[in-house]
Amino acid sequence: MTDSIPSTPDQLEPRRLVAIFLAVSSVLFLASLGQTVVTTALPVILGDLGGMDQITWVITAYLMAATVSAPVFGKLGDLFGRKIVMQCGIGVFLAGSVLCALAPELWVLVAGRFVQGLGGGGLIVSSMATVADNVSPRERGRYQGILGSVFGLSTVVGPLAGGFIVQHWDWQWIFLINLPLGLAALTVLTLALDGTRRNTRVSIDYAGAASLTGVLSLTVLTASLGGSVLPWSSPLIIGLVVLVLLALALFIRIESRAQEPILPLQLFRINNFVVSNSVGLIIGVTMFGTITFVPFFMQVVKGMSPAASGLFVFPMMAGLIGASTLAGQVMARTGQYRMLPVASTALLALAMVSMALTHAHTPNWWIVVTMILVGLGIGPTMGVGVTAIQNAVPAHMIGIGTASANMFRLIGGSVGTAAFGAIFAAGLQSQLGNAIEGSPRALTKEMIAAMDPAMQELVTQGIAAALHPVFWIACVLALLACAVSLMMIELPLQDRVPGQAQPQAQPAE
């Protein structure tokens, strides 16, 4: 594998750069808020619409759509400019929010979340690529670290706001609140960014986008059904696996012939592209699995309110924000970054061991400490991964390179959340199938609260035990990410924006 150094336009003046960064941060905040605002509200939403065994689909639909839209928006941004692409992304995101708010049943809500994800995934990618367009590789570490903090802040605010809203108002307001936030982000974006078009003659890879959608949709469907609804040896699951492989082969064939491929295959010959995205995929599994199941655990097993359960995501995000910001400072000051994800993923594995040992009577302070460790483990991988990719890919591929970082993390999140949901559903049936009347998947928080103390103890311990395999698998994956991180090549981070002319050597007198 080889690596190349990109080149970008000249650095902007500080005041202009601050305005652009403010616009980028507001857009990123809106999109990442959409990922997590529903997590603490899921028990309430599913209590209204039904389907506790389908809990992960509300999360998975958003992540899967964001995964598909990430490379599409990244490529469109390279071709048409970031501003118009982000404006369209905000419009799509808000349309999905309205559909979610009006949903009369679960699968309409899932469809609305899919539309939201199409816009949200594009916004996250475009914001990160806008930073790469305007700052030097060495300074990108600092700015990507700050963007990681914005992402972390929104992920803290999301569960807290979601829990607070459903505790005091109807759950539909979780989605309607996006309307004023989206319009505010759109206003800042419109005023701060120039509307430049990068290319007047373009060829959009619609076939590549469609085939990528097929690959991801079939993969998520297989992960959701296998081992829970249907055994892995069933003809339908085997057929789905075959379809995934065929769709992947079709995608590779299309991309190898496309004039402007949605995901250029030559990127996979760049070492840091492959390493960073492999780590990002694994981190996506552990991150979104934790965000989904910890608030669920605190509500259903610990009996907490939605708002109180959201507070337990805060320590994770505090650790994530602190570690992400610190990693950015280290990159900017020293130019070194290779060992940061190695150390952090080892810490993440330790945190997953702690989560796997939790039970109904685990002290809350222990869960808080564990969640801080989870955040410290995830934080450095995000900024380092994006910076390493942007520092390695050619300049005309910075948008799609940045998109790939988000795409692979979201692939991990969507497939991992679906797979963890299937593992949890199977564990729930195994732990409680013979202990209660009816299906364990039909349990609600209210049903558990109404049980006598002995049965309540049995059920909560069973739910906690059903979650243990999820976190043990996450521990193994974190160790794998640590091993993969060792393969990263530490390319020098330049101090100048790589489009500027280098200082000429003075002739010897």
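Starting afresh in each chain, residues are numbered from 1 along the sequence in its written order. With pLDDT at 70 or above as the cut-off, local features in this predicted model cover only qualifying residues; side-chain atom pairs require 80 or more to be listed or tallied, and sums for whole chains, interfaces and linings still use all residues. Note that water and hydrogens are dropped before the side-chain values are worked out from all heavy atoms of the structure.

### Overview of the overall build of the protein chain
- Comment: elements are numbered from the N terminus, with helices defined as DSSP H or I runs of at least four residues and strands as E runs of at least two. Across its full length, the protein chain holds 18 helices and 0 strands.
- Buried positions account for 57% of the 509 residues belonging to the protein chain.
- Taking the contacts inside the protein chain whose residues are at least 6 apart along the sequence as the reference set, 85% of them involve residues at least 24 apart.
- If you sum the accessible surface of the protein chain, you get close to 19,300 Å²; carbon and sulfur atoms cover 68% of it. When accessible area is computed with a 1.4 Å probe and restricted to protein chains, residues below 20% of their type maximum are described as buried, those above 50% as exposed, and intermediate ones as partly exposed. Contacts between residues were defined by any pair of non-hydrogen atoms, one from each residue, lying within 4.5 Å. Surface accessibility in these figures is a Shrake-Rupley result with a 1.4 Å probe; residues are shielded only by whichever protein chains are displayed.

### With respect to the nonpolar core
- Residue types Ala, Val, Leu, Ile, Met, Phe, Trp, Tyr and Cys, when buried and joined through side-chain atoms within 4.5 Å, form a set referred to as a nonpolar core. One finds Leu109, Ile378 and Ile463 to be the most contacted residues of the largest nonpolar core, which totals 132 residues.
- Sorting elements by how many residues they give to this core places helix α11 (residues 271-300) first, with 15 residues.
- With sequence-adjacent residues up to four places away left out, Ile378 is seen in contact with Ile283, Met287, Met316, Leu320 and Leu348.

### A look at the packing of aromatic side chains
- Side-chain rings of Phe, Tyr and Trp (the six-membered ring for Trp) are treated as a pair once their centres are within 6.5 Å; stacked means planes under 30 degrees apart, edge-to-face means over 60, and tilted covers the remaining angles. Enumeration according to the criterion identifies 4 aromatic pairs in this entry.
- On the basis of an interplanar angle of 85 degrees and a centroid distance of 5.2 Å, the ring pair of Phe268 and Phe273 is categorised as edge-to-face.
- Its relative accessible area of 0% is what places Phe273 among the buried residues.
- Here a set of aromatic residues connected by ring pairs shows up, and it is made of Phe268, Phe273 and Phe408.

### What about the side chain of Asn272?
- With respect to the helices and strands, Asn272 occurs in helix α11.
- What makes Asn272 buried here is its relative accessible area of 0%.
- Throughout this description, a polar contact denotes any pair of N or O atoms lying within 3.5 Å of each other; where both atoms belong to protein, one of them has to be capable of donating a hydrogen while the other can accept it, and for residues adjacent in sequence the pair is counted only when both atoms sit in side chains. Within the structure, the side chain of Asn272 is placed 3.0 Å from the side chain of Asn271, a separation counted as a polar contact.

### Considering the packing of α11 against helix α15 (residues 364-390)
- The geometry of α11 relative to α15 is characterised by a closest axis approach of 9 Å and an angle of 155 degrees between their N-to-C directions. Taken together, the axes of α11 and α15 lie roughly antiparallel to each other. Here the hand of the crossing between α11 and α15 comes out left-handed. Listed contacts from α15 to Asn272, Phe273, Ser276, Asn277, Val279, Ile283, Met287, Thr290, Val294, Phe297 and Met298 of α11 are Asn364, Ile367, Met371, Val374, Ile378, Thr381, Gly385, Ala388 and Ile389.
- Polarity classes work like this: nonpolar for Ala, Val, Leu, Ile, Met, Phe, Trp, Tyr, Cys and Pro, charged for Asp, Glu, Lys and Arg, and polar for all others, with Gly in that last group. Residues belonging to the contact of α11 with α15 are distributed by class as follows: 13 nonpolar, 7 polar and no charged. Lines fitted to C-alpha atoms define the axes, with helix axes restricted to the stretch in contact, and inter-axis angles between N-to-C directions lie between 0 and 180 degrees. Note on terminology: angles under 35 degrees are roughly parallel, angles over 145 are roughly antiparallel, angles of 65 to 115 are roughly perpendicular, and the others are oblique. By convention, the crossing between two helices is left-handed when the near helix turns anticlockwise from the far helix through less than a right angle, and right-handed when the turn is clockwise.

### Some details on α15
- One fewer than the residue count of a helix, multiplied by 1.5 Å, yields its expected span. Compared with an ideal rise of 1.5 Å per residue, which puts 27 residues at 39 Å, α15 spans 40 Å between its outermost C-alpha atoms and is within 8% of the ideal.
- Burial within α15 is extensive, with 19 of its 27 residues counted as buried.

### Some thoughts on a nonpolar patch on the surface
- For patch detection, residues must exceed 30% relative accessible area and be free of salt bridges, and they are connected within 9 Å for like charges or within 5 Å for nonpolar side chains (Val, Leu, Ile, Met, Phe, Trp, Tyr). Put simply, a salt bridge is a Lys or Arg side-chain nitrogen that is within 4 Å of an Asp or Glu carboxyl oxygen. Taken together, the side chains of Ile238, Val242, Leu243 and Leu246 present a nonpolar region at the surface, about 350 Å² in accessible area.
- Along the chain, the position of Ile238 falls in helix α10 (residues 235-257).

### Let's talk about the side chain of Thr362
- Structurally, Thr362 is set in the loop between α14 (339-356) and α15.
- Here Thr362 falls in the buried class, since its relative accessible area comes to 6%.
- Among the polar contacts made by the side chain of Thr362, one reaches the main-chain amide nitrogen of His359 at a distance of 2.7 Å.
- With near-sequence residues (within four places) excluded, Thr362 lies in contact with Lys302, Leu357 and Ile367.

### Observations regarding the packing of α14 against helix α18 (residues 453-485)
- Between α14 and α18, the least distance of the axes is 8 Å, while the angle of their chain directions is 170 degrees. In terms of orientation, α14 and α18 fall into the roughly antiparallel class. In the packing of α14 onto α18, the handedness of the crossing is left-handed. Residues Pro341, Val342, Thr345, Ala346, Leu348, Ala349, Met352, Val353, Met355 and Ala356 of α14 form the contact with α18, whose own contacting residues are His468, Phe471, Trp472, Ala474, Cys475, Ala478, Leu479, Ala481, Cys482 and Ser485.
- For the contact of α14 with α18, the residue count by class is 17 nonpolar, 3 polar and no charged.

### Describing α14
- With 18 residues, α14 ought to run about 26 Å at 1.5 Å a step, and its terminal C-alpha atoms sit 26 Å apart, in line with that.
- Those residues of α14 that fall on the buried side of the exposure criterion are Pro341, Val342, Ser344, Thr345, Leu348, Ala349, Ala351, Met352, Ser354, Met355 and Ala356.
- Where the residues of α14 are buried, they touch α11, α15 and α18.

### Remarks on the environment of Gly322
- Counting through the fold element by element, Gly322 comes out in helix α13 (residues 314-334).
- Note on Gly322: relative accessible area 37%, which makes it partly exposed.
- Measuring from C-alpha to C-alpha, the distance between Gly322 and Gly379 comes to 7.6 Å, with 57 residues separating the pair along the chain.

### Points about the confidence of the model for the protein chain
- Here pLDDT means the predictor's own confidence in every residue, given as a number from 0 to 100. Mean pLDDT for the protein chain: 76, with 80% of residues reaching 70 or above.
- Note that pLDDT drops below 50 for residues 1-12; the model gives that stretch 57 contacts with residues more than four away or on any other chain.
- Counting contacts from residues 495-509, a segment whose pLDDT is below 50, to residues more than four positions away or on other chains yields 21 contacts.

### Let's talk about the environment of Glu105
- Along the polypeptide, Glu105 turns up in the loop between α4 (82-101) and α5 (106-134).
- For Glu105, a relative accessible area of 34% translates into the label partly exposed.
- Sequence-wise, Glu105 and Leu46 are 59 residues apart; in three dimensions their C-alpha atoms are separated by 9.4 Å.

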